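# Fold and contact review
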Amino acid sequence: MDLRLDGKVALVTGGSRGIGRAIASALAASGAAVMISSRKASALEEAAAAMPGPVEWFAANAGDPEAAAACVAATVARLGSVDILVNNAATNPYYGPIVDISTGMADKTVRVNQTGYLEWVQAAWRATMAERGGCVLNLASIGGMSVEGGIGWYNVTKAAVIHLTSQLAGELGPGVRVNALAPGLVKTEFARALWEPGEEAIARRLPLRRLGVAEDIANAALFLCSDAASWITGHTLVIDGGALCIGGGGLS
């Protein structure tokens, strides 16, 4: 199946590295005009130059609603619309039992990973999606479906993303489809502390015997953003190498 996005405009948050970069590159390779966003202009410039076709970039803090609105406005001004929004940017400033997390760290995680996702959708809806339609893809995690030590609060926000996806799908249809991806452990810089110390042991426990790579997630993202998924909304697609088939999400 040749999944094409010619004539579509995609905006990907957290698009300068890792999963976001892989998704943006896949969408661009399939014909979409792409805008990537993250906090650092230098990283965005390098990532955009390495992607297929011309890719625009705009530096914005994903947890700042004014920055989100400015990025969406810049996308419309430069590329004409926002047909596809990929909410990928996330933060995890705390590792440990959630009973010990500070209010500041808890609030920061929610602001970027949960409230921020809603605000980017609101900005895209108000800019063009309410009139033109489109699709939204939210990045959740299998952590939002299981209990796991260390990153419990991050996982709480990802559980919220799964429900937010269903809620938005119910409200924004039929013009806008809203889906989510729930990756397992993927070999990115963001997750390095989780996979690097025990990669081989973790992989041996997974039914598919390897950890994920960013392209695994990008391939699924391309499908859900394409017309091949035109009758799919409100769904969270798990991409985890079979981790949820075993105890502990394959991570412990």
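Throughout what follows, the structure given in this document is the object of discussion. Counting starts from 1 at the beginning of each chain's written sequence and moves along it residue by residue. Only residues with pLDDT of 70 or above have their local features reported here, since the model is predicted, and side-chain atom pairs are shown and tallied only from 80 upward, although totals for entire chains, interfaces and linings are computed over all residues. In computing side-chain properties, one takes all heavy atoms of the structure into account and sets aside hydrogens as well as water.

## What to know about the pattern of salt bridges
- Whenever Lys or Arg places a side-chain nitrogen within 4 Å of a carboxyl oxygen from Asp or Glu, that contact is recorded as a salt bridge. Scanning the entire structure with this criterion turns up six salt bridges.
- Note that Arg21 is salt-bridged to Glu46, the shortest N-O span being 2.8 Å. In this pair, Arg21 is assigned in helix α1 (residues 18-29) and Glu46 in helix α2 (residues 41-50), connecting sequence segments 25 residues apart.
- Residue Arg21 is classed as partly exposed on the basis of its relative accessible area of 23%.
- Note that Asp83 is salt-bridged to Arg132, the shortest N-O span being 3.2 Å. Remark: Arg132 occurs in helix α4 (residues 103-132) and Asp83 occurs in the loop between α3 (65-79) and β4 (84-87); sequence separation between them is 49 residues.
- Classification of Asp83 as buried rests on a relative accessible area of 7%. Secondary structure is summarised from DSSP: a helix means a run of H or I of at least four residues, a strand means a run of E of at least two, and numbering begins at the N terminus for each. Note on classification: 1.4 Å probe, protein chains only; a residue is buried when its accessible area is under 20% of the maximum for its type, exposed when over 50%, partly exposed between these limits.

## So, unusual backbone geometry
- Cis rather than trans, the peptide bond between Gly173 and Pro174 has omega equal to 5°.
- Relative to the assigned elements, Pro174 resides in the loop between α5 (152-172) and β6 (176-183).
- Even without being glycine, Arg209 reaches a positive phi, approximately 60°.
- Along the chain, Arg209 turns up in the loop between α7 (199-205) and α8 (214-225).
- Its relative accessible area of 55% is what places Arg209 among the exposed residues.

## Structural notes on the packing of α1 against α8
- Under this scheme, a helix contributes an axis fitted over its contacting stretch, all axes are lines through C-alpha atoms, and angles between N-to-C directions fall in the 0 to 180 degree range. Axis separation between α1 and α8 bottoms out at 8 Å; the angle between their running directions is 50°. Comparing the axis directions of α1 and α8 gives the class oblique. Once α1 is placed against α8, the crossing between them reads as right-handed. The residues of α8 that touch α1, namely those facing Gly18, Ile19, Ala22, Ile23, Ala26 and Leu27, are Ala214, Glu215, Ile217, Ala218, Ala221, Leu222 and Cys225. Roughly parallel means an angle under 35 degrees; roughly antiparallel, over 145; roughly perpendicular, 65 to 115; everything else is oblique. Handedness of each helix crossing follows the sense of rotation of the near helix against the far helix: counterclockwise by less than a right angle gives left-handed, clockwise gives right-handed. Contacts between residues were defined by any pair of non-hydrogen atoms, one from each residue, lying within 4.5 Å.

## Regarding the packing of α3 against α4
- Remark: α3 packs on α4, axes separated minimally by 9 Å, with the N-to-C direction vectors making an angle of 35°. Here α3 runs over α4; the crossing is right-handed. Here Pro65, Ala68, Ala69, Cys71, Val72 and Val76 of α3 lie close against α4, whose contacting residues are Arg111, Glu119, Trp120, Ala123, Ala124, Ala127 and Thr128.
- Each residue belonging to the contact of α3 with α4 can be placed in one class, and the counts come to ten nonpolar, one polar and two charged. Think of it as three bins: nonpolar holds Ala, Val, Leu, Ile, Met, Phe, Trp, Tyr, Cys and Pro, charged holds Asp, Glu, Lys and Arg, and polar takes everything else, Gly as well.

## A word on α4
- In the structure, α4 departs most strongly from a straight axis at Trp125, where the bend amounts to approximately 65°.
- Just beyond α4, the residue with positive phi is Gly133, at close to 80°. Bend, at a single residue, is the angle you get between axes fitted to the 7 residues ending at that residue and the 7 residues starting at it.

## Quick notes on a nonpolar patch on the surface
- A cluster of nonpolar side chains, Met145, Val238 and Leu244, forms an exposed patch at the surface whose accessible area comes to about 210 Å².
- In this fold, Leu244 is placed in the segment after β7 (236-239). Patch definition: residues with relative accessible area over 30% and no salt bridge; like charges joined within 9 Å; nonpolar side chains (Val, Leu, Ile, Met, Phe, Trp, Tyr) joined within 5 Å. The accessible surface values rely on the Shrake-Rupley method and a 1.4 Å probe; as for residues, cover is taken only from the protein chains in view.

## Examining the pairing of β6
- Counted residue by residue, β6 has eight buried out of eight residues, so it is predominantly covered.
- Residue alternation in β6 divides its side chains into two sets, Val176, Val178, Ala180 and Ala182 and Arg177, Asn179, Leu181 and Pro183, and both sets are buried.
- Crossovers are described as right-handed under a simple rule: with the strands pointing away from the observer, the path leading from the first strand over the helix to the second runs clockwise. Regarding the hand of the β-α-β motif, the stretch spanning strand β5 (residues 134-139), α5 and β6 is right-handed.
- DSSP calls a pair of strands paired once it identifies at least 2 bridges connecting them. Note that β6 and β7 share four bridges and pair parallel. Paired with Leu181 across the bridge in β7 is Leu237.

## A word on the sheet that holds strand β3 (residues 55-59)
- On the basis of which strands lie adjacent, the open sheet formed by seven strands has the order β3-β2-β1-β4-β5-β6-β7 and parallel pairing. Two strands bound the open sheet, and with one partner strand each, they are β3 and β7. Across this sheet, the average inter-strand angle for adjacent strands is 20°, counted without regard to direction.
- Relative to β4, strand β1 (residues 9-13) runs parallel, the two sharing three bridges. Paired with Leu11 across the bridge in β4 is Leu85.
- Strand contacts of α2: β2 (33-38) and β3, with the helix running at about 170° to β3, the strand carrying the most contacts.
- On top of the sheet, α5 reaches β5, β6 and β7; it is set at about 165° to β6, its chief contact.

## What about α3?
- Here, expected helix span is obtained from the residue count minus one, scaled by 1.5 Å. Along its 15 residues, α3 runs 21 Å from first to last C-alpha, staying within 8% of the 21 Å computed at 1.5 Å per residue.
- Those residues of α3 that fall on the buried side of the exposure criterion are Ala67, Ala68, Cys71, Val72, Ala74 and Thr75. The buried residues of α3 occupy an angular sector of 160° when the element is viewed end-on, so they sit on one face. Away from the buried face of α3 by more than 90 degrees, exposed residues Glu66 and Ala77 are located.
- Looking at the buried positions of α3, the neighbouring elements they touch are β1, β2, β3 and α4.
- Where α3 starts, the residue carrying a side-chain oxygen 2.9 Å from the main-chain nitrogen of Glu66 turns out to be Asp64. Each C-beta atom gives one direction from the helix axis, and the arc is the one those directions make. Whenever two N or O atoms come within 3.5 Å, that pair is a polar contact, provided that in protein one can donate a hydrogen and the other can accept it, and provided that, for residues adjacent in sequence, both atoms are side-chain atoms.

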